[in-house]
Amino acid sequence: MILHYQEGSVYDSEGVGAVMKRSKIAGAVIMLLPFILLSGSVSASGLFNEDPDWVYHLSASWWCNLISANLNTDSIPDMVLGDLSKDQIQTFIGNGDGSFDLFQSVPLTNPIWLETSDVDLDGDLDVVVMCEPPNDGYIFTLLNDGTGNLSNPISNYIDAAGENFVVALFDIDTIPDIVLGNYPGNVYYSHGNGDGTFETAGLIYDENCGAYALDVADLDSDGDLDIVLLAWERLSVLFNDGDGTVTWGGYYGPYAGPFPAGHITLAHLDNDEFLDVALTAGVGMGANTVFTFLGNGDGSFDITGPGWLGGIASFTHVIAEDFDLDGYNDAFFCGFYLSIMLNSGDGLLINPMEFGSSAASRQGAVADFDSDGDFDFAYVSGNVPNFYIHVHLNKLDPQGVEGSGETSSSIELLASPSPFSSSLGITYSLPEPGHVELSIYDLSGRFMGSVENCWKATGTQATIWTPEESIPDGCYLVVLDACGEQVVRRCVKL
């Protein structure tokens, strides 16, 4: 097949422009954590303005996909747009204040789902795309040169088509693979070769009642990634055998749905250490329910019931992040409608803030776009012929809001960059020699690890915290005990 692409070019920004809108507690962290959580409690409407903080006028005339990723070396989140109406992939480089500059446009016919992963193992994130006909059955990879500049699409005929997919380490090597599901209920696995190409997919499971969406994580703590399927009226679990094959692990539900283009995500939603599920039923009349399932740690789940029943919601993408910084993941739903739904730690999603019915974003983007330590979101909205990227900035101020968990001291303590992805640099200055304990906690007070526990001399010290792979993204406290004082700084892992 002759694939539809041309040499990419660099374009000047046509953005409308940006309008930007923009703790300390004393004592021991563990004793004050209940106060942190209570004082940080806010409603969704208190987090974001209904109107966007930054707007960019697109050339698109219909449905788009938008995701966030760090495409270059500046640690500032960027964005990737899949424009179905104009047959192109566009990259937007973040400025660190919630605004973006259009960087590149690469032609590609009918992109319908985007993911990022380092598929060629060179240390930066590449873009992986699924397309509609005439390119169904293909996965395209656009390799990143480290600056955010993407290559022409590399075609991979995997002989499988679906609505969405994940890129993950699914077999026993260290090369990202593709796992994909489709409406008939087939689940496919395509092995990555480490150069941006993928092998023809193999059928690993026939659900026979739909595989509308899927996500992967280690559900049974055996060291490999398992699959949770959004099947018809129920969840279906597939345990990974470690070699790219799976064993069926059970059904959980029922729930109402799904409809075409539903979505599912695995995340921590309650107080235990087990992964849970948030899902949206998809697009269609009556597709107005979101559900949560709480994990039991062995790959089984208990449904908590619908989190919200609204109008004709038609959500197609869900992202779980801690928007209100209370230590529990909340949920961002997008599609033809937009909603932020908060979670108080019981797994129920409540108090939705809706953002109108003019959205046209099959996928949305969540990241700390303005570098202030909390999560913002972006999506595509509009009506024919005018469509826009809308960025909403979180109004919480982690450095100044009571309950952020930070303390003041004569000892200087810095943790940067924040947010960070793999390693956090920590520097501190001691007025006198003494024993130092440098530890990491999450916002619920759970100990996450020791960075240093030793004697240090007077002056400036520097170290690095590299979290274990099992530590999820979220907000953490860096706690320094030295010279009879305790100093706390907050950081965000993305």
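Thresholds applied
Residues numbered from 1 in each chain as written. Predicted model: local features only at pLDDT ≥ 70, side-chain atom pairs only at ≥ 80, totals over all residues. Heavy atoms only, no water. Helix = DSSP H or I, 4+ residues; strand = E, 2+ residues; numbered from the N terminus. Buried < 20%, exposed > 50% of the residue type's maximum accessible area, 1.4 Å probe, protein only. Areas by Shrake-Rupley, 256 points an atom, 1.4 Å probe, with all protein chains shown as cover. Pairing = 2+ DSSP bridges. Axes fitted to C-alpha atoms, helices over the stretch in contact; angles between N-to-C directions. Phe/Tyr/Trp six-rings, centres within 6.5 Å; stacked < 30°, edge-to-face > 60°. pLDDT = per-residue confidence, 0-100. Contact = heavy atoms within 4.5 Å. Core = buried A, V, L, I, M, F, W, Y, C linked by side-chain atoms within 4.5 Å. Salt bridge = Lys/Arg side-chain N within 4 Å of Asp/Glu carboxyl O. Polar contact = N/O pair within 3.5 Å; in protein donor to acceptor, adjacent residues only side chain to side chain.

Enquirer: Any details on the overall build of the chain? Residues and values, ideally.
Expert: Secondary structure assignment for the chain yields one helix and 37 strands. Sorting the 494 residues of the chain into buried and exposed places 59% on the buried side. Carbon together with sulfur atoms contributes 51% to the accessible area of the chain, which is approximately 18,500 Å² in total.

Enquirer: Lay out the sheet that holds strand β37 (residues 485-493) in plain terms, naming residues and giving numbers.
Expert: The strands making up a sheet associate through hydrogen bonds between their backbones, and the pairing can be parallel or antiparallel. The strand order β34-β33-β36-β37 describes an open sheet built from four strands, whose pairing is antiparallel. Only two strands of the sheet have a single neighbouring strand rather than two, namely β34 (447-456) and β37. Here the average twist between neighbouring strands, direction ignored, is 15°. As judged from the eight bridges shared by strand β33 (residues 434-442) and β34, these two strands associate in the antiparallel manner. Counted as the bridge partner of valine 436 is cysteine 454 from β34.

Enquirer: Can you explain the sheet that holds strand β8 (residues 126-131)? Please cite residues and give values.
Expert: Reading across from one edge, β7-β8-β9-β10 is the order of the four strands in this open sheet, with antiparallel pairing throughout. The two strands at the open ends of the sheet, each matched to only one other strand, are β7 (111-117) and β10 (154-157). Going from strand to strand, the sheet's axes swing by 25° on average, the running direction of each strand aside. Pairing geometry for β7 and β8, over six bridges, is antiparallel. Bridging across to β8, leucine 114 finds its partner in valine 129.

Enquirer: Could you give an account of the packing of aromatic side chains, naming the residues involved and the relevant values?
Expert: Under the criterion given, the structure shown has 17 aromatic pairs. Their ring planes at 70° and their centres at 4.9 Å tell us that phenylalanine 48 and phenylalanine 377 sit as a pair that is edge-to-face. Here phenylalanine 48 is found in the loop between α1 (29-39) and β2 (54-58), whereas its partner phenylalanine 377 is found in strand β29 (residues 376-383), with 329 residues between them in sequence. Both residues of the pair, phenylalanine 48 and phenylalanine 377, belong to the buried class. Arranged with centres 5.9 Å apart and planes meeting at 25°, the rings of tryptophan 54 and tyrosine 56 form a pair that is stacked.

Enquirer: Can you break down the confidence of the model for the chain residue by residue, with the values?
Expert: Keep in mind that low pLDDT regions are not for reading the predicted coordinates in detail. Of the residues in the chain, 83% reach a pLDDT of 70 or more, and the chain-wide mean stands at 80. Across residues 1-42 the pLDDT falls below 50, and counting only partners more than four positions away or on other chains, this stretch makes 112 contacts in the model. This stretch, residues 399-408, has a pLDDT under 50; its non-local contacts, to residues over four places away or in other chains, come to 38 contacts.

Enquirer: Mind laying out unusual backbone geometry, listing which residues take part and the relevant values?
Expert: Geometrically, the link from serine 416 to proline 417 is a cis peptide bond, its omega value of -5° lying close to zero. One can find proline 417 in the loop between β31 (412-416) and β32 (424-430). Although it is not a glycine, cysteine 483 sits at a positive phi angle of roughly 55°. Within the secondary structure layout, cysteine 483 lies in the loop between β36 (474-482) and β37. Looking at cysteine 483, the relative accessible area reads 26%, which means it is partly exposed.

Enquirer: Could you give an account of the environment of alanine 331, with specific residues and numbers?
Expert: Topologically, alanine 331 is positioned in strand β24 (residues 330-335). Along the sequence, alanine 331 and threonine 265 sit 66 residues apart, while their C-alpha atoms lie 9.7 Å from each other.

Enquirer: Give me the nonpolar core: which residues, what numbers.
Expert: By size, the foremost hydrophobic cluster in this structure holds 39 residues, and its most contacted members are Met79, Phe92, Phe165, Phe369, Ile389 and Val391. If near-sequence neighbours (up to four positions away) are discounted, phenylalanine 165 is found in contact with Trp113, Glu115, Val128, Val129, Met130, Ile139, Ile178, Val179 and Leu180.

Enquirer: Residue-level account of the pattern of salt bridges, with values.
Expert: Note that side chains of opposite charge can pair when their charged atoms are close. For the coordinates displayed, the defined rule picks out two salt bridges. Lysine 456 is the salt-bridge partner of glutamate 452, the closest N and O atoms lying 3.5 Å from each other. A salt bridge links lysine 493 to aspartate 473; the shortest N-O distance between them is 3.0 Å. Separated by 20 residues along the polypeptide, lysine 493 in strand β37 and aspartate 473 in the loop between β35 (459-465) and β36 bring together distant segments of the chain. Looking at aspartate 473, the relative accessible area reads 35%, which means it is partly exposed.

Enquirer: With reference to specific residues and values, describe the pairing of strand β9 (residues 138-142).
Expert: With five of five residues buried, β9 lies mostly within the body of the structure. Neither face of β9 is left uncovered, since the one carrying Tyr138, Phe140 and Leu142 and the one carrying Ile139 and Thr141 both have all their residues buried. In this structure, β8 lies alongside β9, joined through four bridges in antiparallel fashion. When the bridges of β9 are listed, valine 128 appears paired with threonine 141.

Enquirer: Please give an account of the side chain of aspartate 124 that cites residues and values.
Expert: Mapped onto the elements of the fold, aspartate 124 is located in the loop between β7 and β8. Separated by 3.1 Å, the side chain of aspartate 124 and the backbone nitrogen of glycine 146 make a polar contact. Look past the residues within four positions of aspartate 124 in its chain and what remains in contact with it is Ser117, Asp118, Asn144, Asp145 and Gly146.

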